[in-house]
Amino acid sequence: TDAINGIVFPDGGKVLQVVNTSLSTTQFINTGNSSDLISQAITLSSANNFLYVVASVNYDINGDGSTANPDGAFELSDGTTTLAEVQAYRDAHTASVSLTGGTTLQAYYSPATINETIKLVGTMTSGGFYVKGSNHNTNATTLTIMEIAA
């Protein structure tokens, strides 16, 4: 079997196509808000194939002047189903400190249709995220979708 980052593809599936996009503008998300950060469509060449999705998220998290313990999450979704989710939490010790973070989300699944759109969503429970875009950073947040042969 072939493997990418610990994901094993059954029967040695081959990568048929890759689409990649990055967040163009750094976005701020504060307490109680969510934002669709990136959305990317892909059309599979066969309904039997799979998708392997990778999001690389780079951010600064801070208390936004209201909390010393900022807390949020990032999610990969196909619009109806959560494919992967990760919490981002930092003990900043003060509401004015900003800390740099990064995380990777991965999903491997069989979509319901050949036309699929994947979204990366950021949600802030308390504090604030500056999700890095390519306008200010060399490490912009990215979304990569690969079609894997069945």
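Notes on the structure follow. Within every chain, residues take consecutive numbers counted from 1 along the sequence as written. Totals for whole chains, interfaces and linings use all residues, but because this is a predicted model, local features are given only for residues with pLDDT of at least 70 and pairs of side-chain atoms are given and counted only at 80 or more. For side-chain calculations, the full set of non-hydrogen atoms in the structure is used, while hydrogens and water are omitted.

1. Quick notes on the packing of aromatic side chains
Alright, step 1. Only centres within 6.5 Å qualify two rings of Phe, Tyr or Trp (six-membered ring in Trp) as a pair; their planes then separate them into stacked at under 30 degrees, edge-to-face at over 60, and tilted for everything else. Scanning all chains against the criterion turns up five aromatic pairs.
Alright, step 2. An angle of 70° between the planes, with centres 5.2 Å apart, marks the rings of Tyr59 and Phe129 as edge-to-face. Residue Tyr59 is found in strand S6 (residues 50-62), and its partner Phe129 is found in strand S11 (residues 128-131); the two are separated by 70 residues along the sequence. For the residue pair Tyr59 and Phe129, the accessibility class agrees, reading buried in each case.
Alright, step 3. Among the aromatic residues, those joined into a ring-pair cluster are Tyr59, Phe74 and Phe129. Going along the chain from the N terminus, every DSSP run of H or I of four or more residues is numbered as a helix, and every run of E of two or more is numbered as a strand. Relative accessibility under 20% of the residue-type maximum defines a buried residue, over 50% an exposed one, and the middle range a partly exposed one, all with a 1.4 Å probe and only protein chains included.

2. Describing the nonpolar core
Alright, step 1. Residues Val53, Phe74, Leu76, Leu120 and Phe129 are the most contacted members of the largest nonpolar core, which totals 27 residues.
Alright, step 2. Listed by contribution, the elements that provide at least two residues to this core are strand S5 (33-43), S6, strand S7 (71-77), strand S8 (82-89), strand S9 (98-109), strand S10 (115-126), S11 and strand S12 (142-148).
Alright, step 3. It is S6 that contributes the most residues to this core, six residues altogether.
Alright, step 4. Should any heavy atoms of two residues lie within 4.5 Å, those residues are counted as being in contact. The contact partners of Leu120, leaving out residues within four places of it in the chain, are Ser35, Asp36, Leu37, Ile38, Ala55, Val57, Phe74, Glu75, Leu76, Leu105 and Thr141. Note on terminology: a nonpolar core comprises buried Ala, Val, Leu, Ile, Met, Phe, Trp, Tyr and Cys residues joined through side-chain atoms within 4.5 Å.

3. Concerning the sheet that holds S10
Alright, step 1. Taken in spatial order, the four strands of this open sheet run S5-S10-S7-S8, and their pairing is antiparallel. Both edges of this open sheet fall to S5 and S8, since each of them pairs with a single strand only. Strand-to-strand twist in this sheet, taken as the mean axis angle between neighbours without regard to direction, amounts to 15°.
Alright, step 2. In the sheet, S7 pairs with S10 via seven bridges, with the strands oriented antiparallel. Two strands qualify as a pair provided that DSSP identifies no fewer than 2 bridges between them. Under this scheme, a helix contributes an axis fitted over its contacting stretch, all axes are lines through C-alpha atoms, and angles between N-to-C directions fall in the 0 to 180 degree range.

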